[in-house]
Amino acid sequence: YSDNSTQDITSSVEWSSSDTDIATISSEGVATSIAAGTVTITAQSGNLTDTASITVSDDPEPAYTVTYNANNATSGSVPTDSNSYANGATVTVKTNSGNLARSGYTFNNWNTAANGSGTTRTAGSTFSMGTGNVTLYAQWTAKPTYSVTYNSNSATSGSVPTDSNSYEEGATVTAADNTGNLTRTGYSFNGWNTAANGSGTSRSTGSTFAMGSANLILYAECESTYSQQIGTSAYDTGIGTVSYTHL
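Residues numbered from 1 in each chain as written. Predicted model: local features only at pLDDT ≥ 70, side-chain atom pairs only at ≥ 80, totals over all residues. Heavy atoms only, no water.

### So, the environment of Thr172
Of note, Thr172 is situated in strand β17 (residues 172–174). Accessibility expressed as a relative area gives 57% for Thr172, which makes it exposed. A sequence separation of 39 residues divides Thr172 from Met211, and the C-alpha atoms of the two residues are 6.2 Å apart. Residue contacts for Thr172: discarding those within four places in its chain leaves Tyr167, Thr208 and Phe209. (Helix = DSSP H or I, 4+ residues; strand = E, 2+ residues; numbered from the N terminus. Buried < 20%, exposed > 50% of the residue type's maximum accessible area, 1.4 Å probe, protein only. Contact = heavy atoms within 4.5 Å.)

Structural data, given as structure tokens:
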């Protein structure tokens, strides 16, 4: 007041907004923004009036990102999504455009968890963006592998070689030598065969072949040799050799 006296008139003040579509004002004088714009707030108590201008700005809507993780890939690169997504926006999952690869595995889409326990996202599929950044991890499926085992096939001494490798389909296999000196009385070792009775494919020691899609057993092949008289004359040198394969 003009005499420098004061009085608390809070309870007697009436508040008003020039545009309640932009901001409202409570009876306690607390303003609440509604939309972007400028509004005049008026406070009146008896014949005392004062005003204030309030400008309401649009808050930027939160935006989130999608990041791709190679997850132990040994070559290639992850796709990049440079978009920013609002909550509820549609996200299209990227393909493996950078040819991510991992030795011994095949690429098997994306997942929201590195260990695959989250939500699977297939390339080209869509999902609705939530309220946080998303990381999609490459998922890997181990390629099946197969073994090569050697069988002595009635050998009377020696031991079969051991191949401790695991082969993917199409991998190159080298047929083992007879390192364990397999022998069979009356026979000589003559390589390996995919069938015990010799009706399969012969694999000579040191030869190579492509691994198939199943475990393989190679059976020892033995050759039986005997001599017989050819002709009846004393002049016949006639000692011939006939070979038989026996497995």
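### Brief notes about the environment of Ser125
One can find Ser125 in the loop between β11 (120–121) and β12 (126–128). Residue classification places Ser125 among the partly exposed residues on the basis of a relative accessible area of 21%. Each C-alpha atom of the pair Ser125 and Thr92 lies 5.8 Å from the other, and the pair is 33 residues apart in sequence. Not counting residues up to four positions away in its chain, the partners in contact with Ser125 are Val91, Thr92 and Val93. Looking at Ser125, its side chain comes within polar contact range of the main-chain oxygen of Thr122, at 2.6 Å. (Polar contact = N/O pair within 3.5 Å; in protein donor to acceptor, adjacent residues only side chain to side chain.)

### Let's talk about the sheet that holds strand β10 (residues 105–111)
Neighbouring strands of a sheet are bound in pairs by backbone hydrogen bonds; such pairs are parallel or else antiparallel. Strand order in the open sheet formed by four strands is β7-β13-β10-β11, with mixed pairing between adjacent strands. Because the sheet does not close on itself, it has two edges, and the strands there are β7 (66–69) and β11. Note: β7 against strand β13 (residues 134–142), four bridges, orientation parallel. Following the sheet pairing, Tyr68 is matched in β13 by Leu136. (Pairing = 2+ DSSP bridges.)

### A word on the pairing of strand β4 (residues 37–45)
Sheet analysis places strand β1 (residues 14–17) next to β4, joined by four bridges and oriented antiparallel. Directly across from Trp15, in β4, lies its bridge partner Ala43. As paired elements, β4 and strand β5 (residues 48–56) share nine bridges and run antiparallel to each other. Residue pairing across strands places Val39 opposite Ile54, the latter belonging to β5.

### Some thoughts on the side chain of Asn111
Note that Asn111 resides in strand β10. Exposure remark for Asn111: the relative accessible area of 1% places this residue in the buried category. Separated by 3.4 Å, the side chain of Asn111 and the backbone oxygen of Gly116 make a polar contact. There is a polar contact of 2.9 Å between the side chain of Asn111 and the backbone nitrogen of Gly118. Contact partners of Asn111, with chain neighbours within four places excluded, come to Gly116, Ser117, Gly118, Thr119, Thr120, Thr135, Leu136, Tyr137 and Gln139.

### Some points on the pattern of salt bridges
This structure, assessed with the given rule, holds one salt bridge. Note that Lys143 and Glu168 form a salt bridge whose closest N and O atoms lie 3.7 Å from each other. Residue Lys143 is located in the loop between β13 and β14 (145–146), and its partner Glu168 is located in strand β16 (residues 167–168); the two are separated by 25 residues in the primary sequence. Among the residues examined, Lys143 registers a relative accessible area of 34% and is labelled partly exposed. You can call Glu168 partly exposed: its relative accessible area is 28%. (Salt bridge = Lys/Arg side-chain N within 4 Å of Asp/Glu carboxyl O.)

These figures come from the coordinates and say nothing about function on their own.
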